[in-house]
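Structural characterization, general
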Amino acid sequence: MLGTVSVASVPAWRHSLLRTAGWTLVAQDAPAKAEIIVVSSDSSSAGMLEAADLVKAGFASRVAIFDRRDTVLQQELVRRGAPRYDPKGFLIRVLRSQGVTDIVVLPEVVGTVDEGRVLQQWCAANSVHSLLFISVTDHSRRTRRVLDRALERHGVRVMVRYARWSQFDPDSWWQSRYGQRTQIMESEKLLADILRHPF
């Protein structure tokens, strides 16, 4: 009888530990009114939908996206006669289809640290003191750490929200190769950030 109880409890503990590991990557601040909503460069359509919902809820009326350059592959496809795909134009059309009319295009970035640098400069140049930042689920805790360092000391209040339609699910990430790969990669990046910036 005792052996049955302990065997039955192992999966519950395992799932609990795995869920805890998944949620260590996730941060979610309570939304509050802000001057602008900024969508991370990697959240794509999920971020656009989250931003549109926040606009509809009255947290801000303006949304910023980062510019996107054609990749080498896109350039080659166009060279071979394929129709040009405009990622920035697509994201703007998604926002407009959801009722967002005040859209700002920020400079192109390469990674989260670059997002913080570009936002710090842009906020200073445009006297912006508060923003809601939309990230993907698995990236949200590290994003909050980076943006706190880049912006809060300059007087910009940052609230990080994750897009509800992000692919990564912290409650079941171990059930797919995508989830496993994402968990490993993002855990390593978060740990590296903590070791580089412990306080």
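Heads up: the structure comes first, above all this text.
A brief look at the structure comes next. Position numbers for residues count from 1 along each chain, tracking the sequence in the order it is written. Only residues with pLDDT of at least 70 get local features here, since the model is predicted, and only at 80 or more are side-chain atom pairs given and counted; chain-wide, interface and lining totals rely on the full set of residues. Working from all heavy atoms in the structure, the side-chain values ignore hydrogens and water.

1. Regarding the sheet that holds strand S3 (residues 102–106)
- Spatially, S3-S2-S1-S4-S5 is the arrangement adopted by the five strands of the open sheet, whose pairing is parallel. On the outer flanks of this sheet lie S3 and strand S5 (157–162), each paired with one strand and no other. Here the average twist between neighbouring strands, direction ignored, is 25°.
- Pairing between two strands is assigned when DSSP locates at least 2 bridges connecting them. The way it works is that DSSP assigns letters per residue, a run of H or I at least four long becomes a helix, a run of E at least two long becomes a strand, and they are numbered from the N terminus. Of the strand pairs in this sheet, strand S4 (residues 130–135) and S5 are connected by six bridges, and their pairing is parallel. Directly across from Ser135, in S5, lies its bridge partner Tyr162.
- Any two residues whose heavy atoms approach within 4.5 Å are treated as being in contact. Note on definitions: angles span 0 to 180 degrees between N-to-C directions of axes, and those axes are lines fitted to C-alpha atoms, for helices only across the stretch in contact. The sheet contacts of helix H5 (residues 112–125) involve strand S1 (36–39), strand S2 (62–66), S3 and S4, and relative to S2 the element is tilted by about 135°.
- Contacting S4 and S5, helix H6 (residues 140–151) crosses the sheet at an angle of about 165° to S5.

2. Regarding the packing of aromatic side chains
- In this analysis, rings of Phe, Tyr and Trp, with Trp reduced to its six-membered ring, are considered paired at centre separations within 6.5 Å, and the interplanar angle assigns stacked below 30 degrees, edge-to-face beyond 60, and tilted for intermediate values. Summed over the entire model, instances satisfying the criterion amount to one aromatic pair.
- Judged by centre distance (5.8 Å) and plane angle (90°), the rings of Trp173 and Trp174 are edge-to-face. As far as burial versus exposure is concerned, Trp173 and Trp174 are alike and both buried. Accessibility here uses a 1.4 Å probe with only protein chains present; expressed as a share of the type maximum, an area under 20% marks a residue as buried, one over 50% as exposed, and anything in between as partly exposed.

3. Digging into the packing of H6 against helix H7 (residues 177–196)
- Remark: H6 packs on H7, axes separated minimally by 9 Å, with the N-to-C direction vectors making an angle of 30°. As the angle between them shows, H6 and H7 are arranged roughly parallel. For the pair H6 and H7, the crossing hand works out as left-handed. Between H6, through Arg141, Arg142, Arg145, Val146 and Arg149, and H7, the contact on the second element is made entirely by Glu186, Lys189, Leu190, Asp193 and Ile194. Working rule for angles: under 35 degrees goes down as roughly parallel, over 145 as roughly antiparallel, 65 to 115 as roughly perpendicular, anything else as oblique. Each crossing is labelled by how the near helix is turned from the far one, with a counterclockwise turn of less than a right angle marking it left-handed and a clockwise turn marking it right-handed.

4. Overview of the layout of surface pockets
- Its boundaries defined by the atoms lining it, the largest pocket holds a volume of some 330 Å³.
- In this structure, the largest pocket is lined by 23 residues; those nearest its centre are Asp42, Val136, Asp138, His139 and Tyr178.
- Of all the elements in the fold, those that place two or more residues in the lining of the largest pocket are helix H2 (44–56), H5 and H7.
- Per element, the largest residue contribution to the lining of the largest pocket is six residues, and it comes from H7.
- Of the residues assigned to the lining of the largest pocket, the class counts are six nonpolar, ten polar and seven charged. Here a cavity is any set of points on a 1 Å grid over the protein atoms alone where a 1.4 Å probe fits but cannot get out, and a pocket is any open set with protein on both sides within 12 Å along at least 5 of 7 lines; a residue lines the site when it has an atom within 4 Å of a point. Grid points are joined across faces, edges and corners, and a volume is the space filled by probe spheres set on the points. Each residue gets one of three labels, nonpolar for Ala, Val, Leu, Ile, Met, Phe, Trp, Tyr, Cys and Pro, charged for Asp, Glu, Lys and Arg, and polar for the others, Gly among them.

5. Side note on the nonpolar core
- Residues grouped as a nonpolar core are buried Ala, Val, Leu, Ile, Met, Phe, Trp, Tyr and Cys residues, joined through side-chain atoms within 4.5 Å. Formed by 22 residues in total, the largest nonpolar core has its most connected members in Ile37, Val63 and Leu95.
- Mapped by element, the contributors of at least two residues to this core are S1, H2, S2, helix H4 (87–97) and S4.
- Among the elements that take part in this core, H2 stands out by supplying six residues, more than any other.
- Beyond its immediate chain neighbours, meaning those up to four positions away, Val63 contacts Ile36, Ile37, Val39, Ala51, Val55, Leu95, Val100, Asp102, Ile103 and Val104.

6. Focus: H7
- Every helix has an expected span of 1.5 Å times one less than the residues it contains. Taking 1.5 Å as the rise per residue, H7 with 20 residues should run 28 Å; its terminal C-alpha atoms sit 29 Å apart, in good agreement.
- Gly179, Thr182, Gln183, Glu186, Leu190 and Asp193 are the residues of H7 that are buried. One side of H7 carries all its buried residues, which in axial view fall inside an arc of 105°. Across H7 from its buried face, at more than 90 degrees, point the exposed residues Arg177, Ile184, Glu188, Leu195 and Arg196. What the arc describes is the spread of directions from the helix axis to the C-beta atoms.

7. Topic: the pairing of S5
- The buried count for S5 comes to five of six residues, which makes it a mostly enclosed element.
- Running through H6, the crossover from S4 to the neighbouring parallel element S5 is right-handed. Whether a crossover is right-handed depends on one test, that the path from the first strand over the helix to the second runs clockwise when the strands point away from the viewer.

8. A short note on the pattern of salt bridges
- A pair is scored as a salt bridge if a Lys or Arg side-chain nitrogen falls within 4 Å of a carboxyl oxygen belonging to Asp or Glu. Counted under the stated rule, the structure contains eleven salt bridges.
- Asp193 is paired through a salt bridge with Arg145; the nearest N and O atoms lie 2.6 Å apart. Taken together, the positions of Asp193 in helix H7 and Arg145 in helix H6 put the pair 48 residues apart, joining distant regions of the chain.
- With relative accessibility at 22%, the residue Arg145 sits in the partly exposed group.
- With its nearest N and O atoms 2.7 Å apart, the salt bridge here joins Asp193 to Arg149. In this pair, Asp193 is assigned in helix H7 and Arg149 in helix H6, connecting sequence segments 44 residues apart.
- Overlapping salt bridges, with partners in common, bring together Glu50, Asp53 and Arg164 in one network.

Distances and angles like these do not, on their own, reveal function.
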